[in-house]
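Listed here are the chains, written in short residue letters.
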Number of protein chains: 2
Amino acid sequence: MDPRKAYDELIQKVRNLHYITSVRSLMVWDQRTYMPKKAAKFRGRQYAAIAEYAHSVITSREFVSLLEEAERGDFPPGSREAMNLYWLRRTYDRTVKVPVALRLDLIRKTTETEVVWREAKEKDDPSLVLPGLGEIIRLKREMAEYLGYETEPYDALLDDYEPGLRAKRVEEVFSYIRSRTVDLLRKVMDARESGKVPKRIEGRFPVIDQRRFHIFMLRKIGYDLEAGRLDETTHPFAVRITPGDVRITTRYKEDDVLDGIFSTLHEMGHAFYNMGLPEEWFGEPVGNAPSLAVHESQSRFWENVVGRSREFWMGFYPFLQAFLPTLYDYSLEDFLFAANDMKPSFIRIEADELTYNLHIILRFEIERDLINGKIEVKDLPDAWNSRFKEMFGIEPPTHREGFLQDIHWYSGSFGYFPTYTFGNVIAAQIRARIMEDMDLPSAVYDWDFASILSWLREKIHSHGALYLPEDLVKKATGEDPNPMYLMEYLQEKVDLFYS
Amino acid sequence: MDPRKAYDELIQKVRNLHYITSVRSLMVWDQRTYMPKKAAKFRGRQYAAIAEYAHSVITSREFVSLLEEAERGDFPPGSREAMNLYWLRRTYDRTVKVPVALRLDLIRKTTETEVVWREAKEKDDPSLVLPGLGEIIRLKREMAEYLGYETEPYDALLDDYEPGLRAKRVEEVFSYIRSRTVDLLRKVMDARESGKVPKRIEGRFPVIDQRRFHIFMLRKIGYDLEAGRLDETTHPFAVRITPGDVRITTRYKEDDVLDGIFSTLHEMGHAFYNMGLPEEWFGEPVGNAPSLAVHESQSRFWENVVGRSREFWMGFYPFLQAFLPTLYDYSLEDFLFAANDMKPSFIRIEADELTYNLHIILRFEIERDLINGKIEVKDLPDAWNSRFKEMFGIEPPTHREGFLQDIHWYSGSFGYFPTYTFGNVIAAQIRARIMEDMDLPSAVYDWDFASILSWLREKIHSHGALYLPEDLVKKATGEDPNPMYLMEYLQEKVDLFYS
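Keep in mind it's a predicted model, so treat the numbers as computed, not measured.

Enquirer: Please give an account of the interface of chain A and chain B that cites residues and values.
Expert: Taken together, the 32 residues of chain A in the interface contact 32 residues of chain B. Contributing elements (two or more residues each) for the side of chain A that touches chain B: helix 1 (3–21), helix 2 (23–33), helix 3 (40–58) and strand 2 (238–242) of chain A. For the side of chain A that touches chain B, the leading source of residues is helix 3 of chain A, giving 9 residues. A breakdown of the residues in the side of chain A that touches chain B according to their chemical character gives 16 nonpolar, 6 polar and 10 charged.

Here is the structure:
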């Protein structure tokens, strides 16, 4: 068959498959918002049936022979066709390398262990979950062997989330971030000791009024509510069901007005990316973001760079006060400082911009050691606590506030955590670059979010997965991911609030 | 291959397919409740991809050879296996008989015509939609030829909705209902002229209070909100996504408290049926209801037989008044009479229990003539108006209130309408039968809905599609569907309120 024809047929197949698998996003959205409790059992079978179907298509003889045939074509390097074939080859290879039995074992084990983890966390009892976690790690190591790696097993898993990234590189970036963060944190703690501590924003903030403000804010920033929704959930997320249907969720705490706002801004950032991916590529590999870190850079950009800036709140705070009159008791400065509160804490998802990366670095070091066999599962609780103390100067009083806090490992996600901090790195780098093209603070103050968004669309979103993650960052900013910008940005923040 | 093995493999295939196709129910629910507007375009492609996949499975060589092999087995007639094979054979035959091109033409034409129909209805302009409708009828006739029939083309289409039912039989049943209904309606009209007219229930009924009452009512009747939901929509519906996930929707009119209540009760009846189908048969053909009419019998039973009865409101009216204090201006008798208001009207979905069947009979006669070529599309507007006048004594002032009111024909549903009245027939027959086993009015008055529901579960729901529709009715009630019970029931109603 002619390679062009094979390519077209292959892409048609892949698109049709994606039209079906993308329905899972609706199922996930439903499951976490409105799904009745007793739906869980058969919902699991529905997911499994779709997964099985997708697996059968990708591993079919027809699929691989179309792929091979198409690969014989001379599509220009970097073209949409060439990149689609690159991603399809990658998916195919990674799919066939791992035996189905191992995949099923992992699904079974992680499904079981997630349940046990919830109990262990509630009862603060590591012994319940350590055996299951040990099994998962054993299976993940086995998977790494099947997938293959050059220097260490952990790399094979990391590559799942961040194509091309290696532990060695993460280590370099993180050691730079770590040492500078520790310095900055010392400065912050000194300032705090001398009385520079934000006032706690207290009061009762009715959910309905919070929701009204969130909708107002989303509209003003330019989130299209005819192509999305804002619903409530326990763990906020953004989900792209199709182009034209990119939904976000948030949560409202009646005693904490900040939490929900930054959740919404974070998920809105993800949604903007999803809404900016080329519609006509939907269903093709190039129609997606190239990696989690790049995706996270967009959420962090809107949540932190834009959303925690003075200019943002100069514009929005008067409205927030009008929606939630309790806030007339707090000045703009009070509010802004509270939104930029920095201090050591135990829980990653509640951490501030500065200490957040330390939480990630801790997890990276531990999970790398677990996968590479440098530490045993039985030593995990102690390893966590001692390393935490070394890094933060405090020790978690419970395991619930320690190694049991995140679901990731218990659901089999090893290699995921670093992408959060790489997202921060890229977001700060984009900030530095965008400021060469426009006056970012003024644009934010003037509610000219359209200009910011169109910059991001042009430089990032519109390329989909036409480039590998690092190449995209380089193309957009002129440089490989460089943690210097993140540390400069954080330095500015610390100077602004704690000096 | 051994027939038993072939059967098992076939059923596994069918179940897995159903786990995927059943996700469409979630998509439909979403589309009619929360889906953002701009999702429509790609949602269409998702439906199409699933439909195409289902079609490819059912028409695959593997499917038919498993089916043929399994049919060689000696499964006892009427067994779960035998009935599954019966339904699968039926689906397979009906699928392969009709050329794919014709199916695609129909999908294209009806999708187009539905849009035009909305405009035609709004502008009250038949000329916009008659050409499209003519095309649809031509295609449906062609389809009937492919499907085959014994006496008239219409039968082939009717059989799609009501397996085994023929136009001749519908005609008999309907002519009986028609003549008796006309007599009863005359009696009602005489009583109305002498002043027996219900007071209109007027006032402003806040949506939120209506919703609270609906939830209260559903709970008391026994609808499991952990296995379902109640949401708001324009055209209420019930949908079974999986066992354990059977959702209903309703609508609230601020100036009409009755409309929403009976919508909710109607959809609840459908939901009870869906919830009562054997869970372990989910994904197999026998795991469904055998026909639309049987399904409709359950919704009509709860909406009308139970929901419009005096005993029901003796229990619920004081609560309804407490939720909606405006109703303290109306006595139980006022309310009950308003809920049983009977009079000629133009709109089917607003019609009362008595005249409703006349609306259906009109549509049956016309659609049968259209498909069998007895009347031309161009004569439809006049035919509708003159037959309507003959039946109801009044003529629709607009086509919007005439032949343009229902979407069915414009979306290609010919043969669907009769199932509504057959649902009424079966509901009344069940009522007659259940009253031999229990004191139905007392059970309703005592809120002993569990007893009623368990009777329905045992006699109807739990059998799924193990019997053909008429056989199921016969098994449950001891008799073939017999319209006498419906007319006796309506006679009682008329005597109660209009004598």
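Enquirer: Which residues make up the nonpolar core, and what values go with them?
Expert: Ranked by internal contacts, the top residues of the largest apolar core, which has 243 residues, are Met-268 of chain A together with Met-268 of chain B. Contact partners of Met-268 of chain B, with chain neighbours within four places excluded, come to Leu-218, Ile-221, Tyr-223, Ile-248 and Trp-302 of chain B. Leu-10, Ile-11, Val-14 and Leu-66 of chain B belong to the second-largest nonpolar core, a separate cluster that totals 10 residues.

Enquirer: I'd love a proper account of the pairing of strand 2 of chain A, names of residues and values included.
Expert: Residues and elements named next belong to chain A. The element strand 2 is largely enclosed, with a buried count of 5 among its 5 residues. In this sheet, strand 3 (residues 245–250) lies alongside strand 2 in antiparallel orientation, the contact comprising 4 bridges. Note that in strand 3 the partner of Arg-240 across the bridge is Val-246. The antiparallel pairing of strand 2 with strand 3 creates a hairpin that spans 2 residues between the two strands, and Gly-244 there sits at a positive phi of about 85°.

Enquirer: Any details on helix 12 (residues 292–306) of chain A? Residues and values, ideally.
Expert: Helix length check: helix 12 of chain A (15 residues) gives 20 Å between terminal C-alpha atoms against 21 Å at 1.5 Å per residue, within 8%. Within helix 12 of chain A, 15 of the 15 residues are buried, which leaves it mostly tucked inside the rest of the structure.

Enquirer: Quick one: what's the story with the relation of the copies chain A and chain B, residue by residue and with numbers?
Expert: The transformation that overlays chain A on chain B combines an axial shift of 0.0 Å with a rotation of 180°, and the residual RMSD is 0.0 Å. What the rotation and shift describe, once combined, is the action of a two-fold rotation axis. Looking at the interface residues of chain A, 100% of them are also at the interface in chain B, so both copies use one shared face.

Enquirer: Explain the sheet that holds strand 1 (residues 230–232) of chain B to me, and be specific about the residues and the numbers.
Expert: Residues and elements named next belong to chain B. Reading across the sheet, the 3 strands line up as 1-3-2 and stay open at both edges, with mixed pairing between neighbours. Edge positions in the sheet fall to strand 1 and strand 2 (238–242), since each of these pairs with one other strand and no more. In this sheet, adjacent strand axes meet at a mean angle of 30° when their direction is disregarded.

Enquirer: Tell me about the environment of Ala-322 of chain B, and please be specific about residues and values.
Expert: One can find Ala-322 of chain B in helix 13 (residues 310–323). For the pair Ala-322 of chain B and Asn-274 of chain B, spaced 48 residues apart in sequence, the C-alpha separation works out to 32 Å.

Enquirer: So what's going on with the sheet that holds strand 3 of chain A? Residues and values would help.
Expert: Residue and element names in this part refer to chain A. Strands sit in the order 1-3-2 across an open sheet of 3 strands; the sheet is mixed. Two strands lie at the open edges of the sheet, namely strand 1 (230–232) and strand 2, each paired on one side alone. For this sheet the average axis-to-axis angle between neighbouring strands, irrespective of direction, equals 30°. In the packing of helix 11 (residues 257–276) onto the sheet, the strands contacted are strand 1, strand 2 and strand 3, and the crossing angle to strand 3 comes to about 165°.

Enquirer: Can you lay out the domain arrangement of chain A for me, pointing to particular residues and giving the numbers?
Expert: Residues and elements named next belong to chain A. Domain assignment breaks chain A into domain 1 (3–151) and domain 2 (152–499). In this structure, domain 1 and domain 2 have C-alpha centres spaced 26 Å apart. Between domain 1 and domain 2, the contact holds 41 residues from the first and 36 residues from the second. At the level of secondary structure, the elements contributing two or more residues to the side of domain 1 that touches domain 2 comprise helix 1, helix 2, helix 5 (80–97), helix 6 (100–123) and helix 7 (126–147). Ranked by residues supplied to the side of domain 1 that touches domain 2, first place goes to helix 7 with 12 residues. Along the lines of polarity and charge, the residues of the side of domain 1 that touches domain 2 split into 21 nonpolar, 10 polar and 10 charged.

About the cut-offs
Residues numbered from 1 in each chain as written. Chains lettered and ligands numbered in written order. Predicted model: local features only at pLDDT ≥ 70, side-chain atom pairs only at ≥ 80, totals over all residues. Contact = placed C-beta atoms within 7 Å. Helix = DSSP H or I, 4+ residues; strand = E, 2+ residues; numbered from the N terminus. Nonpolar A, V, L, I, M, F, W, Y, C, P; charged D, E, K, R; others polar. Core = buried A, V, L, I, M, F, W, Y, C linked by C-beta atoms within 7 Å. Buried ≥ 20, exposed ≤ 12 C-beta atoms within 10 Å, placed from the backbone. Pairing = 2+ DSSP bridges. Expected span 1.5 Å × (residues − 1). Least-squares fit on C-alpha atoms with pLDDT ≥ 70 in both. Axes fitted to C-alpha atoms, helices over the stretch in contact; angles between N-to-C directions. Domains from an automatic or database assignment.

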